[in-house]
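Analysis of the macromolecular model
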Amino acid sequence: MRVPKVVRTYCRKCGTHTEHSVSIYKHGRRRSLAEGERRYRRKQEGYGSKRKPEQKRFAKVTKKIVLKLKCNKCGYMHHRRGIRLKKVDLVEVVR
């Protein structure tokens, strides 16, 4: 799907519709010292069974793509809900 690099949408901080620059959200590295990660590692180790079942085959063909919108006026960032897409292209829209 072709997504425009600049979108005019509502900014919660400005309170009006402004131009937003669009990028694709990418999650950061997981923190190994976070409580949930420590709990997960502790449950995984040893001779017991795995904490979560291993997936035998892929359930989904695509990943959910989340768009990160940044207001060009005030710099406020928010995410647009993820939609399932195989491929995303950020394109320049000529008007």
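Quick look at the structure, then. Chains are numbered independently. Their residues run from 1 in the order of the written sequence. Side-chain atom pairs in this predicted model are given and counted only at pLDDT of 80 or more, local residue features only at pLDDT of at least 70, and totals for whole chains, interfaces and linings cover all residues. Calculated side-chain values reflect all of the structure's heavy atoms, with hydrogen atoms and water omitted.

Concerning the overall build of the protein chain
Numbered from the N terminus, helices here are DSSP runs of H or I no shorter than four residues, and strands are runs of E no shorter than two. Tallying secondary structure elements over the protein chain gives one helix and six strands in all. Counting from the amino terminus, helix and strand elements in the protein chain follow one another as β-β-β-α-β-β-β. The quantity called the radius of gyration is restricted to C-alpha atoms. Its globule counterpart is 2.2 Å times the number of residues to the power 0.38. For 95 residues, the compact-globule formula gives about 12 Å, and the C-alpha radius of gyration of the protein chain, at 19 Å, lies well above that figure. Its C-alpha atoms put the protein chain at 60 × 30 × 15 Å along the principal axes. Between buried and exposed lies partly exposed: a residue is buried under 20% and exposed over 50% of the maximum accessible area for its type, with that area taken using a 1.4 Å probe on protein chains only. The burial tally for the protein chain puts 20% of its 95 residues in the buried class. We call two residues contacting when some pair of their heavy atoms lies within 4.5 Å. Summarising the internal contacts of the protein chain: among those between residues at least 6 apart in sequence, 52% fall at separations of at least 24. Computed with the Shrake-Rupley method and a 1.4 Å probe, the accessible areas treat only the protein chains shown as cover for residues. As presented, the protein chain carries roughly 8800 Å² of accessible surface, and 50% of it is formed by carbon and sulfur atoms. Charge convention: Lys and Arg are scored as positive, Asp and Glu as negative, and His as well as the terminal groups of each chain are ignored. Every charge is mapped to an atom, namely NZ of Lys, CZ of Arg, CG of Asp or CD of Glu. For the protein chain, the distance from the average position of its 31 positive side-chain charges to the average position of its 7 negative side-chain charges is 4 Å.

Side note on the side chain of Thr18
Position of Thr18 relative to the elements: it lies in strand β3 (residues 17-24). When its relative accessible area of 8% is taken as the criterion, Thr18 is described as buried. Leave out the neighbours within four places in its chain, and Thr18 touches Val7, Arg8, Thr9, Cys11, Cys71 and Lys73.

Considerations on the pairing of strand β2 (residues 6-10)
Strands pair, by our definition, only if DSSP identifies at least two bridges between them. Relative to β3, β2 runs antiparallel, the two sharing five bridges. By the bridge assignment for β3, Val7 is matched with His20.

Read these as geometric descriptors, not functional statements.
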